[in-house]
There are 2 protein chains.
Amino acid sequence: MDDTYFMKLAFQEAKKARGSTWTNPLVGALIVKENQILSRGYHHLFGGDHAEVEAFKGLVNPNQAEGATMYVTLEPCSHYGKTPPCALKITKMGIHRVVIGQKDPNPLVCGKGIQILKEAGIQVTVLGVTAKMNEKYNFFYQQKRPFITLKYAMTLDGKINFEHGRRSLVSNHAAYLDSQKLRAAQQAILIGENTLMIDNPHLTIRTQKLAFEPIRILLVKDVDKLDPNLKIFTTNSPIWILSRHVSKRKWLPNILVFTDKNWAVTKILEFLTLHGIQSLLVEGGSHVQAAFVRKQLVDELVVYMAPKLFGGTALPAIRGVESLKVLDMKITKVKQLADNIRIEARRNDFVYRNY
Amino acid sequence: MDDTYFMKLAFQEAKKARGSTWTNPLVGALIVKENQILSRGYHHLFGGDHAEVEAFKGLVNPNQAEGATMYVTLEPCSHYGKTPPCALKITKMGIHRVVIGQKDPNPLVCGKGIQILKEAGIQVTVLGVTAKMNEKYNFFYQQKRPFITLKYAMTLDGKINFEHGRRSLVSNHAAYLDSQKLRAAQQAILIGENTLMIDNPHLTIRTQKLAFEPIRILLVKDVDKLDPNLKIFTTNSPIWILSRHVSKRKWLPNILVFTDKNWAVTKILEFLTLHGIQSLLVEGGSHVQAAFVRKQLVDELVVYMAPKLFGGTALPAIRGVESLKVLDMKITKVKQLADNIRIEARRNDFVYRNY
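Below, the structure is looked at part by part. (Residues numbered from 1 in each chain as written. Chains lettered and ligands numbered in written order. Predicted model: local features only at pLDDT ≥ 70, side-chain atom pairs only at ≥ 80, totals over all residues. Heavy atoms only, no water.)

1. A closer look at the overall build of chain A
- From N to C terminus, chain A includes nine helices and 17 strands.
- With respect to the three principal axes, the spread of C-alpha positions in chain A is 70 × 45 × 35 Å.
- Looking at the 355 residues of chain A, the share that counts as buried comes to 57%.
- Across chain A, every contact between residues at least 6 apart in sequence was considered, and the portion connecting residues at least 24 apart equals 70%.
- As displayed, chain A has an accessible area near 15700 Å², and 51% of this comes from carbon and sulfur atoms. (Helix = DSSP H or I, 4+ residues; strand = E, 2+ residues; numbered from the N terminus. Buried < 20%, exposed > 50% of the residue type's maximum accessible area, 1.4 Å probe, protein only. Contact = heavy atoms within 4.5 Å. Areas by Shrake-Rupley, 256 points an atom, 1.4 Å probe, with all protein chains shown as cover.)

2. Topic: the pattern of salt bridges
Residue and element names in this part refer to chain A.
- Using the criterion set out here, one finds 34 salt bridges over all chains in the structure.
- When the shortest N-O distance is used, the salt bridge between Lys 159 and Asp 157 registers 3.2 Å.
- Put simply, Asp 178, Lys 335, Arg 342 and Glu 344 are held in one network by salt bridges that share partners. (Salt bridge = Lys/Arg side-chain N within 4 Å of Asp/Glu carboxyl O.)

3. Brief notes about helix H8 (residues 265-274) of chain B
Residues and elements named next belong to chain B.
- Here H8 has its buried residues at Val 265, Ile 268, Leu 269, Phe 271 and Leu 272. For H8, the angular spread of buried residues about the axis comes to 160 degrees, placing them on one side. Residues of H8 that are exposed and point over 90 degrees away from its buried face: Glu 270 and Leu 274.
- For H8, the elements touching its buried residues are strand E6 (147-155), strand E9 (215-219), strand E10 (239-243), strand E11 (255-259), strand E12 (279-282) and helix H9 (286-294). (Arc of directions from axis to C-beta.)

4. Describing the sheet that holds strand E1 (residues 28-33) of chain B
All names here are of chain B.
- One open sheet accounts for five strands, arranged E2-E1-E3-E4-E5; its pairing is mixed. If you trace the sheet from one side to the other, it starts and ends with strand E2 (36-42) and strand E5 (123-126), each paired once. The average angle at which neighbouring strand axes cross in this sheet is 15 degrees, direction not considered.
- Along the sheet, helix H4 (residues 112-119) contacts strand E4 (97-102) and E5; its crossing angle with E5, the most-contacted strand, is approximately 150 degrees. (Pairing = 2+ DSSP bridges. Axes fitted to C-alpha atoms, helices over the stretch in contact; angles between N-to-C directions.)

5. Digging into the side chain of Glu 344 of chain A
- Mapping Glu 344 of chain A onto the fold places it in strand E17 (residues 340-347).
- Dropping the residues within four chain positions of it, Glu 344 of chain A is found in contact with Glu 300, Leu 301, Val 302, Lys 330, Ile 331, Thr 332 and Lys 333 of chain A.

6. So, unusual backbone geometry
Residue and element names in this part refer to chain A.
- With an omega of 0 degrees, the peptide bond between Gly 284 and Gly 285 qualifies as cis.
- Assignment of secondary structure puts Gly 285 in the loop between strand E12 (279-282) and helix H9 (286-294).
- In the Ramachandran plot, Asn 134 falls in the positive-phi region, its phi being about 55 degrees despite a non-glycine side chain.
- Relative to the helices and strands, Asn 134 resides in the loop between strand E5 (123-126) and helix H5 (135-143).

7. Regarding the sheet that holds strand E13 (residues 300-306) of chain B
- Overall, mixed pairing links the ten strands, which are arranged E14(A)-E16(B)-E17(B)-E13(B)-E6(B)-E12(B)-E8(B)-E9(B)-E10(B)-E11(B) in an open sheet. Of all the strands in the sheet, just strand E14 (308-309) of chain A together with E11 of chain B have a single pairing partner and so form its edges.
- Sheet analysis places E13 of chain B next to strand E17 (residues 340-347) of chain B, joined by six bridges and oriented antiparallel. Bridging across to E17 of chain B, Val 302 of chain B finds its partner in Glu 344 of chain B.
- Docked against the sheet, H8 of chain B engages E6, E9, E10, E11 and E12 of chain B, running at close to 145 degrees with respect to E10 of chain B.

8. Some remarks on the environment of Ile 31 of chain A
Residues and elements named next belong to chain A.
- Relative to the assigned elements, Ile 31 resides in strand E1 (residues 28-33).
- It is 6.4 Å that separates the C-alpha atoms of Ile 31 and Tyr 71, two residues lying 40 residues apart in sequence.
- With residues up to four places along the chain from it excluded, the contact list for Ile 31 reads Gln 36, Ile 37, Leu 38, Ser 39, Ala 55, Phe 56, Leu 59, Ala 68, Thr 69, Met 70 and Ile 95.

9. Let's talk about the pairing of E12 of chain A
All names here are of chain A.
- Here E12 shows two buried faces, one formed by Ser 279 and Leu 281 and the other by Leu 280 and Val 282.
- Taken together, the four bridges between strand E6 (residues 147-155) and E12 define a ladder with parallel strand orientation. Pairing of Thr 149 across the sheet is with Leu 281, part of E12.

10. Here's the deal with the packing of aromatic side chains
- Following the criterion strictly, the structure yields 24 aromatic pairs over all chains and no others.
- Judged by centre distance (5.3 Å) and plane angle (70 degrees), the rings of Tyr 5 of chain B and Phe 6 of chain B are edge-to-face.
- Among the residues examined, Phe 6 of chain B registers a relative accessible area of 1% and is labelled buried.
- Seen from their ring centres, Trp 22 of chain B and Phe 212 of chain B are 5.6 Å apart, and the 20 degrees between their planes marks the pair as stacked. In this pair, Trp 22 of chain B sits in the loop between helix H1 (3-15) and E1 while Phe 212 of chain B sits in the loop between helix H7 (193-199) and E9, placing the two residues 190 residues apart along the sequence.
- By the ring-pair criterion, three or more aromatic residues cluster together here, those being Trp 240, Phe 258, Trp 263 and Phe 271 of chain A. (Phe/Tyr/Trp six-rings, centres within 6.5 Å; stacked < 30°, edge-to-face > 60°.)

11. Looking at empty space enclosed by the protein
Residues and elements named next belong to chain A.
- Per the stated rule, a full pass over the model turns up one cavity of 30 Å³ or more.
- When its volume is computed, the largest cavity comes out at roughly 30 Å³.
- Contributing to the lining of the largest cavity are Phe 11, Leu 26, Thr 73, Leu 74, Gln 102, Thr 130, Met 133 and Asn 134.
- Counted by class, the lining of the largest cavity contains four nonpolar, four polar and no charged residues. (1 Å grid on protein atoms, 1.4 Å probe; cavity = no way out; pocket = protein on both sides within 12 Å on 5 of 7 lines; lining within 4 Å. Points joined across faces, edges and corners; volume = space filled by probe spheres on them. Nonpolar A, V, L, I, M, F, W, Y, C, P; charged D, E, K, R; others polar.)

12. Quick word on the nonpolar core
- Phe 292 and Met 305 of chain A together with Phe 292 and Met 305 of chain B are the most contacted members of the largest nonpolar core, which has 81 residues in total.
- Once residues lying within four places of it in the same chain are set aside, the contact partners of Met 305 of chain A are Met 154, Thr 155, Leu 156, Asp 339, Asn 340, Ile 341 and Ile 343 of chain A together with Met 154, Met 305, Ile 331 and Ile 343 of chain B. (Core = buried A, V, L, I, M, F, W, Y, C linked by side-chain atoms within 4.5 Å.)

13. Some words on the side chain of Arg 342 of chain B
Residues and elements named next belong to chain B.
- Relative to the elements of secondary structure, Arg 342 occurs in strand E17.
- Side-chain polar atoms of Arg 342 contact the side chain of Glu 344, separated by 2.7 Å.
- Once you skip the residues sitting within four places of it in the chain, Arg 342 turns out to touch Asp 178, Leu 182, Val 302, Val 303, Tyr 304, Lys 333, Val 334, Lys 335 and Leu 337. (Polar contact = N/O pair within 3.5 Å; in protein donor to acceptor, adjacent residues only side chain to side chain.)

14. Description of the pairing of strand E8 (residues 188-192) of chain B
All names here are of chain B.
- The buried fraction of E8 amounts to five of the five residues, a majority that puts the element mostly inside the structure.
- Residues Ala 188, Leu 190 and Gly 192 of E8 are buried on one face, and the alternating residues Ile 189 and Ile 191, pointing to the opposite face, are buried as well.
- Pairing of E8 with E9, which is carried by five bridges, proceeds in the parallel orientation. In the sheet register, Ile 189 faces E9, and the bridge partner there is Arg 216.
- Handedness of the crossover joining E8 and E9 through H7: right-handed.
- With three bridges joining them, E8 and E12 adopt parallel strand pairing. (Right-handed = clockwise from strand over helix to strand, strands pointing away.)

15. Notes on the environment of Phe 56 of chain A
Residues and elements named next belong to chain A.
- Along the chain, Phe 56 falls in helix H2 (residues 51-57).
- Measuring from C-alpha to C-alpha, the distance between Phe 56 and Val 99 comes to 15 Å, with 43 residues separating the pair along the chain.
- Not counting chain neighbours up to four residues away, the residues in contact with Phe 56 comprise Ile 31, Ala 65, Met 70, Lys 89, Ile 90, Met 93 and Ile 95.

16. Overview of the state of the cysteines
- In this structure the tally under the stated criterion is zero disulfides over all chains.
- Just so you know, Cys 77 of chain A is unpaired, no disulfide at all, and the nearest cysteine sulfur is the one on Cys 86 of chain A, 3.9 Å from it. (Disulfide = S-S within 2.5 Å.)

Here's what the structure looks like:
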């Protein structure tokens, strides 16, 4: 039983909160003495106690921590946030050694948690492993923008819609269920005005109850020209409307309107970054998708392919008027979903940096 | 050792001539007496001896056929073609029983071979099995038109070309090799004038030597406006040019020009059927593909998907101006070809009839 072994168990703890930590990372912690696991803990919920604190709470007697090793998947925090800094807490509990999975990319913490521990004379080992956890959290702090996923369903001839201005059901039920899971893993979902009008979607997750629903972002020209009876306005989850014009209407508390004369893609991303949104799912339509492709702002692509040919005048998956650069991707997963195919691709130049 | 067992061996014989029988079916035959295989034969080459004759030739002594059972994968022929009718030959050789894989869908033969055998007092068993062989031969005689395969390479957003009027290499080398195999399995390949001008292809099979190269069909407006220096005209394999205008030029003997005021898709298929072409690969471009989709004339689709996004103004896989009906397909095979994906689909209403 070595560091790798205990760290694996700590990652297993971390995983338990999947879907509940919102913009916080998943973190797990173990307290180990003489190869005996004394306690396990994980960060349960956004705003709740951190994994380290949970692990300390799990000790039969706080004195047990004296001389023990703590395994924690992410560098202990060093700042007063929603809870006091864990690094400080660790130094006070008599922990002898701290083994860390990955350094925290958040500049508020990065290296500072380790520094506090070291200055207190605690032995620190950083393994530099992530167990592929907190990918979008890491990405966000590395790239200073949300991780962007484009998603669409298309036919075998690359069409997303049979006819302009009318909704066509392209993909099957299995693809629908899969896309609900995809949505559930995002902090924000973006659609354009055409998709809003034509599809009239709820944009909610109907297949599971989430602690935090993704924020639904609507990109529109004039917010006050929107039909207030659209289905999306009948739901309680948060909606952010990005409009070119200021609203004079009264909106329900779950709906916020943000105004800018030109909501270009880069502007949208700055806005989301400022609001700490780490992941964005772009659900269309064709012009919105094209705007992201044009700026080479696609980190991941999920395509559901339906066994149909629409041909001719049907709407292509991605379109626009400007000339474009080719965006090179690599296909990372191909899966059959009943009679549909799900293709997952990542940008080819995407280098995932391990902390 | 029963009929099924010996028929399986006969199909194994038939397979040996794959790629050499041109518009003739693959056929294998066995002569069996008291569970002993006395001889095996198959139809080697278009114009050559039929499988039954090959099997007889394989006997140590012709008298051995007396009282034996012949297993033949396809109903013995009844007509004087390039060789005398096999059914007649069988009756003369003293064969006691004939076990047939499938009836011959060719109206010149269908049932008549069996009739000749029965009238001669030979016991006939039709197993109604095809071992998925001669699929396009069967299709041709069932549907009275060639089996049509559409093939294109497209990006993850359904584009076949980055820019109008310029060639883009969409798919990878593995897809190229695969598409060569796909070509080799066809009796004709069709491309339109745009593809001819922009891609300037040889349309030959470079990866293997074939006994019969597919006929390359060029759909053009005015044959005499074609650049005589196009690469395709430097090759020796047959070319049929379908032109709206009569040619005044002199052409090499491998090039034939056919004229019609309107080479509509249905007209092209009638023409090919008349010439006994059982399989057609439509290789593009976008408008030619659309014409076949519009008429719901797609039996099989092979799509190579490349991990790229072209976006915007890039050329879609299939396009046209008329409104279309949806063509329902079913995906029959998905395969990874290095970093590309190969998707094979068939029309959903395609019912394969076993003879």
